[in-house]
Amino acid sequence: MCGITGIVTKNAKNYSEANQKMTDAIAHRGPDSAHHEYFENAALGHRRLSIIDLSENGKQPMFSTSKQECIVLNGEIYGYQSIKKQYCEYPYQGTSDTEVILAMYQRKKEQLIHDLPGMFAFAIWDNEKQQLFCARDRFGEKPFYYAYGKNGEFIFASEIKAILASGLIEPKLKQEALSHYLQYGYVSTYQSIYSNIFSLPPAHQLIWREGEIKVSRYYSLPKKDRVLSLSEAKEEFTYLLKSAIEKQLIADVEVGSFLSGGLDSSSVVAMVNAFLPQQTTISFGYDHEDSELKYAKEIAEKYHTKHIEIHEKKEDLVSGILKVAPFLDEPFADRSCVPHFEICKSARKNLKVVLSGDVGDELFGGYSFYKVEHEMKKHFSYQNLLAQFGLKLYQNVKQISYISQKNIQYNSILDFHQHDVRNFFNKNERTSLGITQDYQQPYSFQADKNSLNDIMRTDLEKFVPGNMLVKSDRMAMANSLEVRTPFLDIDFAEFCIQLPDQLKITSDNDKIILRESMNSYWTETIRNRHKQGFGLGIENWFEEDSLIKFSDELLKDKNQKVFDYIDFKATQKFHDKGQKHWNLLQLALWASQHSKFL
């Protein structure tokens, strides 16, 4: 896990200072060392967090044996040892996973990307072809941003802050990205908050040659659901999850696991136990009656782990927000990034690599709104115009159910999901704030508006890379910690994506495939658990006087930078101590901290 930078331009050695500033800006991603390499027309930079091959043979930028290709990689190539055997003709100099990509490139060039597993963002400079080949992993675990500089330089980096640190670009705020943030609480993975800095989307590759770039998709989610029985599914599920865990335990440093006490993280810990009986587990909890620490402790005791509990420190909430803010280059409203920062900080005292149970909800059907959508689809009025007309008349006389209300309001469960679930500012509210543009990202598939599985596919291409993996990457890397997500192993994830939705969710239960497959690995208490949020509700946060004072400083002063982009008077209507208030506060904080660029 590292940070990468690069500048492609003539006389690239003249850009050594800019390249140095770029790697310095993301030193937190790789505190172990910094290295730079220069060709006539390309400069590459790297910050290293040493995980595999801790020797000098593992350092980057890494040259191929021909010295004509050079790579910078951020990520991990899982199962690289078996790939290495398939490319045994290459004269390897070390034991790192990075070198495997160079071996693949020499034989297959850009076609290697179709056979490359893992989480990654990389760039290969081919000096003979005078070409830069870049790619980002299938699910968006690792970030990749790029831009053109004021003199036509092609610039790329793991984080936006590195591109800004180059001094080669004057960023401009993008209205569409701001609209997306207001609606959903994060910037789409298909764009950045700036109109002249770009995000390479997940599952895409980029080729720069002769000043031109070509961006193309190399992978799409499997579109068809499989037909198989529960018993067949359980057997394959367990086999593939074990295989994923085994591959992700490979490292030259200790690998631990986050343990919340939920179904997903408990399953990961149970599977790790088969390969690593003396594993370390880390839990974070708030000191209140709903704390999850007691559940995590049960699993830790069952598997005799070296268990580390992190209790909430009663520090001022504003201090926690300000601690996190420098690592968020774009406005970001997920409140759980504050406790996530703390658990990563504490984990880093003992570990460099941690496994996470993220993305289980999207793969197994774990969110409560999936259940709502399931019930909406079953409702007698679903896509029945006559029934809906009758309900509209009836609701004028008597209160109707939530499901009935939503079936009247939206024309499909997909419409409900896209415009109600995790939505904050609607179209009219955004317009009142002065934001009239909209943005809807593309997908690798054409969603069936009646399919629960396609809704989950939508989340895998939208919410997961745009929110969940941004939080995981930025908060972990802020603390120089590598987080691995076994559920996103390509074989396991594709299997889960294609499971029929009745093996994920019914009227009575959620995460059916996980519960059926992993039931014997849990304690009785865990078996009966349902999803619990990470931390206190937003209303509790706004009870702190310091947060109200902080909000007033940023949102009641019309001279704040944020009001160059949204309407001051309209903003005052949303000081409701709720989620919209929080989202506006995060936007104002971001604008204030980045005012020199805006």
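Owing to the predicted nature of the structure, the values given are computational and were not obtained by experimental measurement.

1. A short note on the sheet that holds strand E2 (residues 33–38)
1) Next: Here six strands make up an open sheet; going across it, the order is E2-E3-E1-E9-E8-E10 and the pairing antiparallel. For this open sheet the edge positions go to E2 and strand E10 (197–199), each flanked by a neighbour on one side alone. Averaged over all pairs of adjacent strands, the angle between their axes in this sheet comes to 15°, without regard to strand direction.
2) Next: Strand direction decides the pairing type here: E2 and strand E3 (residues 42–48), joined by six bridges, are antiparallel. Opposite Tyr 38, over in E3, you have Ala 43 as the bridge partner.

2. Digging into the nonpolar core
1) Next: By size, the foremost hydrophobic cluster in this structure holds 159 residues, and its most contacted members are Phe 122, Phe 237 and Leu 547.
2) Next: Leaving out residues up to four positions away in the same chain, Phe 122 has contacts with Ile 4, Ile 71, Val 72, Leu 73, Ile 101, Leu 112, Ile 113, Leu 116, Phe 133, Cys 134, Ala 135 and Phe 144.
3) Next: Residues Val 8, Ala 121, Trp 125 and Leu 200 belong to the second largest nonpolar core, which totals 19 residues.

3. Topic: the pairing of strand E6 (residues 119–126)
1) Next: The buried fraction of E6 is high, at eight of eight residues.
2) Next: What you see with E6 is no split at all: Met 119, Ala 121, Ala 123 and Trp 125 on one side and Phe 120, Phe 122, Ile 124 and Asp 126 on the other are buried throughout.
3) Next: In terms of strand pairing, strand E5 (residues 69–76) meets E6 through eight bridges, oriented antiparallel. From the neighbouring strand, Leu 73 faces E6, where its bridge partner is Phe 122.
4) Next: In terms of strand pairing, E6 meets strand E7 (residues 131–136) through six bridges, oriented antiparallel. Bridge assignment links Ala 121 to a residue of E7, and that residue is Arg 136.
5) Next: If you look at the hairpin formed by E6 and E7, you'll find four residues sitting between the two strands, and Gln 130 has a positive phi there, around 50°.

4. Digging into the side chain of His 180
1) Next: With respect to the secondary-structure elements, His 180 resides in helix H5 (residues 175–184).
2) Next: You can call His 180 buried: its relative accessible area is 2%.
3) Next: Excluding anything up to four places from it in sequence, His 180 contacts Gly 185, Tyr 186, Val 187, Ser 188, Gln 191, Tyr 439 and Lys 462.

5. So, the sheet that holds strand E15 (residues 306–311)
1) Next: With parallel pairing, five strands are arranged side by side in an open sheet as E15-E14-E13-E16-E17. Both outer strands of the open sheet, E15 and strand E17 (482–484), are each paired with one neighbouring strand and no more. The mean angle between the axes of side-by-side strands here comes to 30°, regardless of whether they run parallel or antiparallel.
2) Next: Sheet strands in contact with helix H10 (residues 337–347) are strand E13 (255–258), strand E14 (280–285), E15 and strand E16 (353–355), and its direction is about 145° off that of E14.

Cut-offs and rules
Residues numbered from 1 in each chain as written. Predicted model: local features only at pLDDT ≥ 70, side-chain atom pairs only at ≥ 80, totals over all residues. Heavy atoms only, no water. Pairing = 2+ DSSP bridges. Helix = DSSP H or I, 4+ residues; strand = E, 2+ residues; numbered from the N terminus. Axes fitted to C-alpha atoms, helices over the stretch in contact; angles between N-to-C directions. Core = buried A, V, L, I, M, F, W, Y, C linked by side-chain atoms within 4.5 Å. Buried < 20%, exposed > 50% of the residue type's maximum accessible area, 1.4 Å probe, protein only. Contact = heavy atoms within 4.5 Å.

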